[in-house]
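Structure assessment
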Amino acid sequence: MADNQMKIAVFSTKKYDTLYLQPALEANGHQVHFLQTRLDDETLALADGFTAICIFVNDSLTARGIEYLSKRGLKYVLLRCAGFNNVDLDAAEKFGVKVARVPAYSPYSVAEFAVGLMLMLNRNLHKAFNRVRAGNFSLEGLTGFDMRNRRIGIIGTGKIGLLTGKICRGFGSEVVCYDPYPNPEGAKEYGMSYVDLDSLIATCDIISLHCPLLPSTHHMINTETLSKMKDGVMLINTSRGGLIDTVALIKALKSGKVGQVGMDVYENESNMYFEDSSDSIMLDDVFSRLLTFHNVCITGHQAFLTREALENIAQETASNLEAFINGIEPKGIVKS
Ligand code: NAD
C-alpha cells in the first residue's frame, strides 16, 4: 500500500453505512474493513493494526482504548456523526491521535422528521394506519387540528431548529423561538420571533426541542416546566433524550397535561437503539410505560436517516481523512 493509503476499520456497521462509506473511502485506494461490532474496551483488539477507525454514536473510545490502539498504529479517528462525547479527547491529544467528526450532514433530514412527527400525532396517522389494516374504518378519536394559526415553539435555533420553524411557517403556523445565543437574522428570514423561554413554554401548542444536551440543558423539560405548559401541549424531541425527564413526562401524560409526544431520542437509549432486540425481554420499565400511551410516538433515533444525509456523512468522513493524510486541518477537526 502507498503511504497515503490507509487500513481503516469501520465499527458498528449497518448495511446502509457500507453502501455509502465503501465507495467514498475506497475511492482513494484505502483498504476498508467493515465490522458490525460496537467498539468499546472489550472489542479494542479488533482495531489492532489499523491506521484509522470510523465510529458512530454508541461506540466508545476511552483513554485506555486510545492508549492501546495508538501503540498499535492508530492515527486517525473518524466519527461519522456530529457528537464526540464518546471519545476521550484528552487522551487522543496525549497520544497524538487525531479526531474528526461530521458537524452537519443534513439538517433538513431532522427538521423534516420533526415536522413529520407533529403531523403524525396531530392527525393520528399511527392509529389510522393500524385501524385500516384491521378493517376498522371508524374515524372516532382521529380528529386533529389545522396547523395553520397554531403557535409552535422552537427551543434552539441552530441549523435544525431554524429549518423546523421554516417548514412550520409554510403551514401558516405562528412560530416563536428561544435560544440563549439568538440568530435574529436567521429567525427573521424564516418569519420566526424570539421570546423568553418561560413565555414559549407557557403559550405554545407544540414545543419542539432542537438544542444540544449539556449539563445546563439536562432535564430542561421537568416537572416544573411541564406544569407551566398549556394543557394538552404536544412535545417533540429529535435532539437528545436527556433533555426530558422521562419519569416527569409520564406523570404529565397520565394527568393529561401533555397531550401528545413524539420522540426520536430517549435518555437511556444507548444500550437499546440501533439493534434488533425483538426477541429479548424489555428491561427498561420507564420505556415500557411510554410505549403504552396511544398518544406517544417513539422512533429509534432515525431522524438523520436519509440518503442525502448518509451520502454527506460518507463524503465528509472521506474528506476528513484525506485532509489528515495531507497534513491539512479538516473541517470536522475535534480538539480537547
Ligand atoms: P446546532 O449546534 O446548529 O444548534 C443548536 C442550538 O442550540 C444553538 O443555536 C445553540 O445556541 C442552542 N442552545 C444551546 N443551549 C441552549 C439552551 N439552553 N436552550 C436553547 N437553545 C440552546 O445543532 P443542530 O445541528 O441544529 O442540532 C440540534 C440537535 O439535534 C442536537 O442536539 C443534535 O444532537 C440533534 N440531532 C439529532 C439527530 C437525530 O437523528 N435525531 C441528528 C442530528 C442532530
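An account of the accompanying structure is given in this report.

Parameters and conventions
- Residues numbered from 1 in each chain as written.
- Predicted model: local features only at pLDDT ≥ 70, side-chain atom pairs only at ≥ 80, totals over all residues.
- Heavy atoms only, no water.
- Helix = DSSP H or I, 4+ residues; strand = E, 2+ residues; numbered from the N terminus.
- Rg over C-alpha atoms; globule rule 2.2 N^0.38 Å.
- Buried < 20%, exposed > 50% of the residue type's maximum accessible area, 1.4 Å probe, protein only.
- Contact = heavy atoms within 4.5 Å.
- Areas by Shrake-Rupley, 256 points an atom, 1.4 Å probe, with all protein chains shown as cover.
- Lys, Arg positive; Asp, Glu negative; His and termini not counted.
- Charge placed at Lys NZ, Arg CZ, Asp CG, Glu CD.
- Near = heavy atom within 4 Å.
- Polar contact = N/O pair within 3.5 Å; in protein donor to acceptor, adjacent residues only side chain to side chain.
- Nonpolar A, V, L, I, M, F, W, Y, C, P; charged D, E, K, R; others polar.
- Pairing = 2+ DSSP bridges.
- Phe/Tyr/Trp six-rings, centres within 6.5 Å; stacked < 30°, edge-to-face > 60°.
- Lys NZ or Arg CZ within 6 Å of the ring centre and 35° of its normal.
- Right-handed = clockwise from strand over helix to strand, strands pointing away.
- Expected span 1.5 Å × (residues − 1).
- Axes fitted to C-alpha atoms, helices over the stretch in contact; angles between N-to-C directions.
- Salt bridge = Lys/Arg side-chain N within 4 Å of Asp/Glu carboxyl O.

**A look at the overall build of the protein**
What the protein contains, in helices and strands, is 12 helices and 13 strands. In terms of C-alpha radius of gyration, the protein reaches 22 Å, essentially the compact-globule figure of 20 Å for 336 residues. Once the C-alpha set of the protein is aligned to its principal axes, its extents read approximately 65 × 50 × 35 Å. Taken over 336 residues, the protein has a buried fraction of 49%. For the protein, the proportion of contacts with a sequence separation of at least 24, taken over those separated by at least 6, is 65%. Carbon and sulfur atoms make up 51% of the accessible area of the protein, which amounts to about 16,600 Å² in all. Positive and negative side-chain charges of the protein, numbering 33 and 38 respectively, have mean locations separated by a distance of 4 Å.

**Let's talk about the site of the ligand**
Around the ligand, a shell composed of 23 residues is seen, among which Lys 159, Ile 160, Asp 179, Thr 238 and Asp 264 lie nearest. The side chain of Asp 264 places a nitrogen or oxygen atom 3.0 Å from a nitrogen atom of the ligand. In the complex, 82% of the free accessible area of the ligand, which totals 870 Å², lies under the protein chains. Residue composition of the shell around the ligand, grouped by class: 11 nonpolar, 8 polar and 4 charged.

**Re the sheet that holds strand S12 (residues 296-298)**
Spatially, 7 strands are ordered S8-S7-S6-S9-S10-S11-S12 in an open sheet, and the strand pairing comes out parallel. What marks the edges here is a single partner per strand, and that holds for strand S8 (193-194) and S12. Taken together, the 4 bridges between strand S9 (residues 206-209) and strand S10 (residues 233-237) define a ladder with parallel strand orientation. Within S10, the position partnered with Ile 207 by the bridge is Leu 235.

**Regarding the packing of aromatic side chains**
One pass over the structure, following the stated rule, counts 6 aromatic pairs. Ring centres of Tyr 273 and Phe 287 lie 6.3 Å apart, and the angle between their planes is 75°; this geometry places the pair in the edge-to-face category. A residue pair is termed long-range when its members are at least 10 positions apart, and Tyr 273 in the loop between strand S11 (258-263) and helix H11 (285-291) and Phe 287 in helix H11 qualify at 14 residues. Each member of the pair Tyr 273 and Phe 287 is classed as buried. Over the aromatic face of Tyr 68 sits the side chain of Arg 72, whose NZ or CZ is 3.7 Å from the ring centroid.

**As for the pairing of strand S2 (residues 31-34)**
Judged from the 4 bridges that link them, strand S1 (residues 7-10) and S2 form a sheet pairing that is parallel. Following the sheet pairing, Val 10 is matched in S2 by Phe 34. For the handedness criterion, the β-α-β arrangement of S1, helix H1 (residues 15-26) and S2 is classed as right-handed.

**Concerning helix H6 (residues 159-170)**
Between its first and last C-alpha atoms H6 spans 17 Å; for 12 residues at 1.5 Å apiece the expected length is 16 Å, and the two agree. Regarding H6, the residues found buried are Gly 161, Leu 162, Leu 163, Thr 164, Gly 165 and Cys 168. Buried-residue contacts for H6 involve helix H4 (107-122), strand S6 (151-155), strand S7 (174-178), helix H7 (184-189) and S9. Downstream of H6 by one or two residues, Gly 172 has phi in the positive range, about 90°.

**Quick notes on the sheet that holds strand S4 (residues 76-79)**
Strand order in the open sheet made by the 6 strands is S2-S1-S3-S4-S5-S13, with mixed pairing throughout. Where the open sheet ends on each side, the last strands, each with one partner, are S2 and strand S13 (333-334). Contacting S1, S2 and strand S3 (52-55), H1 crosses the sheet at an angle of about 160° to S2.

**Observations regarding the pattern of salt bridges**
Counting across every chain of the model gives 12 salt bridges. A salt bridge links Glu 275 to Lys 14; its shortest N-O distance comes to 3.2 Å. Here Lys 14 lies in the loop between S1 and H1 and Glu 275 lies in the loop between S11 and H11, a separation of 261 residues in the sequence. With relative accessibility at 52%, the residue Glu 275 sits in the exposed group. We note a salt bridge from Glu 67 to Lys 71, for which the minimum N-O separation is 2.8 Å. You can call Lys 71 exposed: its relative accessible area is 58%. Connected through shared salt-bridge partners, Arg 150, Asp 205 and Lys 230 make up one network.

**Digging into the side chain of His 210**
Tracing the backbone through its elements, the reader meets His 210 in the loop between S9 and helix H9 (223-227). You can call His 210 buried: its relative accessible area is 10%. Side chain to side chain, His 210 and Ser 208 meet in a polar contact 2.7 Å long. Non-local contacts of His 210, meaning those with residues more than four positions away in its chain, are made with Ala 114, Ile 154, Ile 155, Gly 156, Ile 160, Gly 161, Thr 164, Thr 238 and Ser 239.

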